[in-house]
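# Survey of secondary and tertiary structure
So you can see what is in the structure, the chains are spelled out below.
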Amino acid sequence: MTLQLLTTAIALVLIVEGLGPLLFPQKWKKYLFELSGQNQNVLRRLGGSLVTAGIVLLIIF
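Residues numbered from 1 in each chain as written. Predicted model: local features only at pLDDT ≥ 70, side-chain atom pairs only at ≥ 80, totals over all residues. Heavy atoms only, no water.

Mapped onto the secondary structure, F24 falls in the loop between helix 1 (3–23) and helix 2 (25–36). Residues F24 and I10, 14 residues apart in the sequence, show an inter-C-alpha distance of 22 Å. (Helix = DSSP H or I, 4+ residues; strand = E, 2+ residues; numbered from the N terminus.)

Below you can see the structure in the form of structure tokens.
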């Protein structure tokens, strides 16, 4: 993996992550408030699911 590829991947993640607060700030704030009230196990499962989905996408593409 080259440094340029890693930098591009990080840049794309930042762009995608920034779209929510940029386009829908009120909904994003409400989403974060609701998410902060969740049980730690729920958050851990959500994080694990996202990591697993990312790994599967990397393997497929």
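Look at helix 2: 16 Å from first C-alpha to last across 12 residues, which is about the 16 Å you get at 1.5 Å a residue. Along helix 2, only zero of the 12 residues are buried, which leaves the element largely exposed. (Expected span 1.5 Å × (residues − 1). Buried < 20%, exposed > 50% of the residue type's maximum accessible area, 1.4 Å probe, protein only.)

A cluster of nonpolar side chains, namely L12, I15, L19, L22, L23 and F24, defines an oily patch on the protein surface of about 630 Å² accessible area. Topologically, L23 is positioned in helix 1. Classification of L23 as exposed rests on a relative accessible area of 53%. (Patch = residues over 30% accessible without salt bridge, like charges linked within 9 Å, V, L, I, M, F, W, Y side chains within 5 Å. Areas by Shrake-Rupley, 256 points an atom, 1.4 Å probe, with all protein chains shown as cover. Salt bridge = Lys/Arg side-chain N within 4 Å of Asp/Glu carboxyl O.)

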